[in-house]
Amino acid sequence: MNPKFPAKLLSASLLAALLAACGSDSSDNINNINDSKPATPPVAADPALPSVAFMSDVHFENVYGDLKSTRFAGIPTKDGRNATIRTMYAELTSTRLFNENYFAFRAALDDAYARNVRLVGLPGDISDDAQPINIDGITDILKEYQAKGMRFFIAPGNHDPNEPYDDDEAGKNDFLTKDGKEQKVYATGAAACKAGDSTVVCTNAMVEQGYEKLLAKLGDFGYMPNKGDVHWETPFTAYADGKYTYEAAQAASDVARRQFEICTEGEGGKYKVAGKTYTNCTSIVDASYLVEPVKGLWLLSLDVNVHVPNAKFDPANPKSFKGFDNAGDAGWNKMLTHKTHQMEWITSVMARAKAQGKQVISFSHYPTMDFYANQTDAMKTVFKPGAFQVTRMPAAATTSAVASTGLRLHMGGHMHFNGTNDYQDSAGNYLVNVQSPSLAVFGAAYKIVTVLDQDKVDVQTVGLDVVKGYNELFPYYQVEYDYLQGSTATADVAKRWNRSILDSKSYGEFTRTYFGELSRLRFMNDYWPCEMKEAAMALDARQMLILSQLQTKVTLAQLKDNAGVLPLTASCAAKGTPSGTVVAASQLKTDWADATARADKLATAAGLKLDDFAKISAYEFYGDFHRTVYAGELALRDMGAQRVAQYKVLMGAFPASPAAIIKIGDLPSDQNPVNVLFQNQFKQVFAILKGLGSAKPSDRFTIDFKAKTLTNANAGGLSFN
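Note that the structure is a prediction, hence the values are computed from the model and not measured.

Rules used in this analysis
In this numbering scheme, every chain counts its residues from 1 along its sequence in written order. Residue-level local features of this predicted model are given only where pLDDT is at least 70; pairs of side-chain atoms are given and counted only at 80 or more, and the full residue set underlies all totals for whole chains, interfaces and linings. With hydrogens and water stripped out, all remaining heavy atoms of the structure feed into the side-chain values. The numbering of helices and of strands both runs from the N terminus, where a helix is a DSSP run of H or I of at least 4 residues and a strand a run of E of at least 2. Each residue is assigned to one of three classes by its accessible area relative to the maximum for its type, calculated with a 1.4 Å probe on protein chains only: buried under 20%, partly exposed between the two thresholds, exposed over 50%. Only the protein chains shown count as cover for residues, with accessible areas throughout obtained via the Shrake-Rupley method and a probe of 1.4 Å. By the counting scheme adopted, Arg and Lys are positive, Glu and Asp are negative, and His together with the chain ends is not counted. In plain terms, the charge of a residue is placed at NZ if it is Lys, CZ if Arg, CG if Asp and CD if Glu. Pairs of strands are assigned from DSSP output, requiring at least two bridges between the strands. The axes used here are C-alpha line fits, helices contributing only the stretch in contact, and every angle between their N-to-C directions lies in the interval 0 to 180 degrees.

### A few points about the overall build of the protein
From N to C terminus, the protein includes 22 helices and 25 strands. Put simply, the protein has 721 residues, and 60% of those count as buried. On the protein, roughly 27000 Å² of surface is accessible, and the fraction owed to carbon and sulfur atoms is 51%. Here the protein contributes 73 positive and 79 negative side-chain charges, whose respective centroids are spaced 3 Å apart.

### Some words on the sheet that holds strand β7 (residues 171-176)
Read from one edge of the open sheet, three strands run β7-β8-β9, paired in mixed fashion. This sheet does not close on itself; its edge strands, each paired only once, are β7 and β9 (200-202). Going from strand to strand, the sheet's axes swing by 35° on average, the running direction of each strand aside. Relative to strand β8 (residues 182-186), β7 is paired through four bridges, and the arrangement is antiparallel. Bridge pairing in β8 places Leu176 opposite Glu182.

### Side note on the sheet that holds strand β13 (residues 282-285)
Reading across the sheet, the three strands line up as β12-β11-β13 and stay open at both edges, with antiparallel pairing between neighbours. For this open sheet the edge positions go to β12 (266-267) and β13, each flanked by a neighbour on one side alone. Note: strand β11 (residues 259-263) against β12, two bridges, orientation antiparallel. Residue pairing in the sheet places Cys263 in a bridge with Gly266 of β12.

### What about the environment of Thr577?
On the secondary structure map, Thr577 appears in the loop between α17 (541-549) and α18 (587-605). Considering only alpha carbons, one finds Thr577 and Asp167, 410 residues apart in sequence, at a separation of 57 Å.

Rendered as structure tokens:
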């Protein structure tokens, strides 16, 4: 694939026409809201351009919404409302919260307003599946803040819409009842509703809405032009004589005029390749738009949802949601083949912006480049196939193609990850991708982008630690906890969770504990190979440091004869046959003592005490690992300086070349010496952890597009370097 194709596809005559088409000619360091830490003096911004906040992956659920059902209205509250919430177990096994983000979103909006930020970009997944109950709820909130002078600009995510057309069969299995149990609530088209299943509550408040309804309901928030805008357009807009008028923009915003042909094999229409067969072709909405809310600032909202027609596509019923793949795994990789028109449009926007001196901040739901601090290949090698959703990673050719459009700054979401990466091609194009973290996970934060001058931008990260109302629903979770503890049903016993989360003193503490439980209940099973999972869930950091120094010939098979030395087994290994000289199992105690002495020297050399490493329990370790996967350097702030120092000792403790693992088929043999698996595998685990915590600045930093540099502005930040 030629990464330059977008520019080549744009003819000189078309570019000239587009250049004429638009005649239309602001803080703190990473701060927790209400944090008592002194703020860094605000940056000197371009006085003509306001700052823009970006709040991604809100996953808003209307916790006091109306399900419009006479059978189930939620949990009655003391103030006469009904709590229409999901269970705590559902939250603790999901990569996003469902309920508390209701309060976090308001806290973020209040904070941005207090900082005099009036423009807010929402890079997708504003809701959790675009049901009327949730879309209506967030619309009310946005209108409330809009009345105070704020403007909102949405880019669609894979949860809004979940499918390009309405899904009237959708629903959730885990609404919480007043008795602490689960309640199924589905849209009326669901099979269970049609069959009259008495265990299911049926209501069209749970329909997952498609593009047409979402654009109509959310039109005030960027999807439609505003009279106060200097300019507004879509990828399909052509203004007469290149002159912008609000009336013409209104006409261009009609859904019927925002469609393109998509086929299973790629984009249709004029983009079909001669001689290539195209199937399942149909028209579908592209909700992208360019808006100039104030003179000189262009916000480029990109619809990077690519809903590819699948084998269930029915030409006789082209608006059936079943005929399209979900966009979650497609992202920018599919843009190159299935939304070629949009790649051309981005190229034209950037050319016009350069010619007219406009500042462009682009945003979409999906990252444009590696979002795991360039650790993706290592993660693919170490963990289970598909772990950490690496299938969503943009390919190198994709990043190159996006950069070749001239795009300079892109704000992304989707991965719930806080991070920054940059890319420069041989032609000198420089692209920076800033991942705005989700408000609904650990590391909850939003970004503020401030234009300093023509070539410099400041990016600040504002953390959400103190959130009013974060514990408002806790009494209902206590009922759920009590029910699960009292039930002997196998399914209920499996759903028991750690009650300590209800003792959280802040939203930050709540999300931290949530991620520990998410790790225990889901990530460890889904992502970690058996023997790695056992070690990670059994060893504290003191034992890990000692094990990194262990040299022994005692095998995994002999661990059963060494009770009390270390809590590992050979249960994940294949049974092998001893070969060569077999040492006594008791030798492990002597070897462990020698390794302990070496580990103690390493800790002492770093100004630390070996016994203090035991404070990092297994639960804390794997929780820290997953928190760092999602929050990057924000997770290190949570760890604190001592724990960061302890992890740095572990990162440098492993042998330079650990012994190779003896395998029987795909499984490790139980004839491996006790130290071999751990040293080989966890050397890589800690290398990944170091990479994630030593990445390019993602807290507070300056982007210089002319010098093509990212400069860390947070001198006090922690790093594993």
